[in-house]
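# Inside the fold
Listed here are the chains, written in short residue letters.
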Amino acid sequence: HDALPICGYGPNRSRGGFSSPFDDIFNFDFHGGQQAQCSVSFMEAAKGATKELEVLLLDGNVRNPTLKRRMVNVPIPAGIADGQTLRLTVGNQEVFVTVRVDESDYFSRVGNDVHTNANISISQAILGGIIRIQGLHEDLNIRIHPGTDSHTELTLSGRGVKHMEAYKDRKS
């Protein structure tokens, strides 16, 4: 299949799949860890997901190193933010996965708060009413109080992104 993987390793991701033989070797830091990157949607970051990632395993010794490709599942914890890095242990090697979160057309995130805009009619602003909006986990009925001003922000406690706990090392 011709599609490039969503998750991958190394600098060759930005060159349409072409790489020099040195890219794979130099993608490892001095401690044997590998750098990788994974893209997730806004909703996957909010709810958590599992992504498949191709990694390179550095094997052998200094005189005869070998590289092996392996597919691993990366658990993306609910509440992860753009640019956060996860540490995975694959075999005897560490893989540092930087997560990139795609922007949403509907939601925006500020810290653990999720924002969206909803339009209401003039009569709903003056008289009040109920509107239905999309939430992270389900649609929500929101009560508009009579006399609501333009650009009023309503807070829905507990409906934002989960606070991500310290991420523990996962064995793959």
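Below, the structure is looked at part by part.

So, on to the pattern of salt bridges. In the structure shown here, the tally under the stated rule is 6 salt bridges. With its nearest N and O atoms 3.3 Å apart, the salt bridge here joins Glu44 to Lys51. Judged by its relative accessible area of 25%, Glu44 is partly exposed.

Moving on to the packing of aromatic side chains. In total, this model carries 2 aromatic pairs according to the counting rule given. For the pair Phe42 and Phe107, a centre-to-centre distance of 5.7 Å together with 15° between the ring planes defines the contact as stacked. Separated by 65 residues along the polypeptide, Phe42 in helix α2 (residues 42-47) and Phe107 in the loop between β6 (93-101) and β7 (108-110) bring together distant segments of the chain. Residue classification places Phe42 among the buried residues on the basis of a relative accessible area of 10%. For Phe107, a relative accessible area of 8% corresponds to the buried category. Here the aromatic rings of Tyr106 and Phe107 are separated by 4.8 Å at their centres, their planes lie at 90°, and the arrangement is edge-to-face. Following the ring pairs from residue to residue traces out a cluster consisting of Phe42, Tyr106 and Phe107.

The rules behind the values
- Residues numbered from 1 in each chain as written.
- Predicted model: local features only at pLDDT ≥ 70, side-chain atom pairs only at ≥ 80, totals over all residues.
- Heavy atoms only, no water.
- Salt bridge = Lys/Arg side-chain N within 4 Å of Asp/Glu carboxyl O.
- Buried < 20%, exposed > 50% of the residue type's maximum accessible area, 1.4 Å probe, protein only.
- Phe/Tyr/Trp six-rings, centres within 6.5 Å; stacked < 30°, edge-to-face > 60°.
- Helix = DSSP H or I, 4+ residues; strand = E, 2+ residues; numbered from the N terminus.

Shape is all these values report; function is a separate question.
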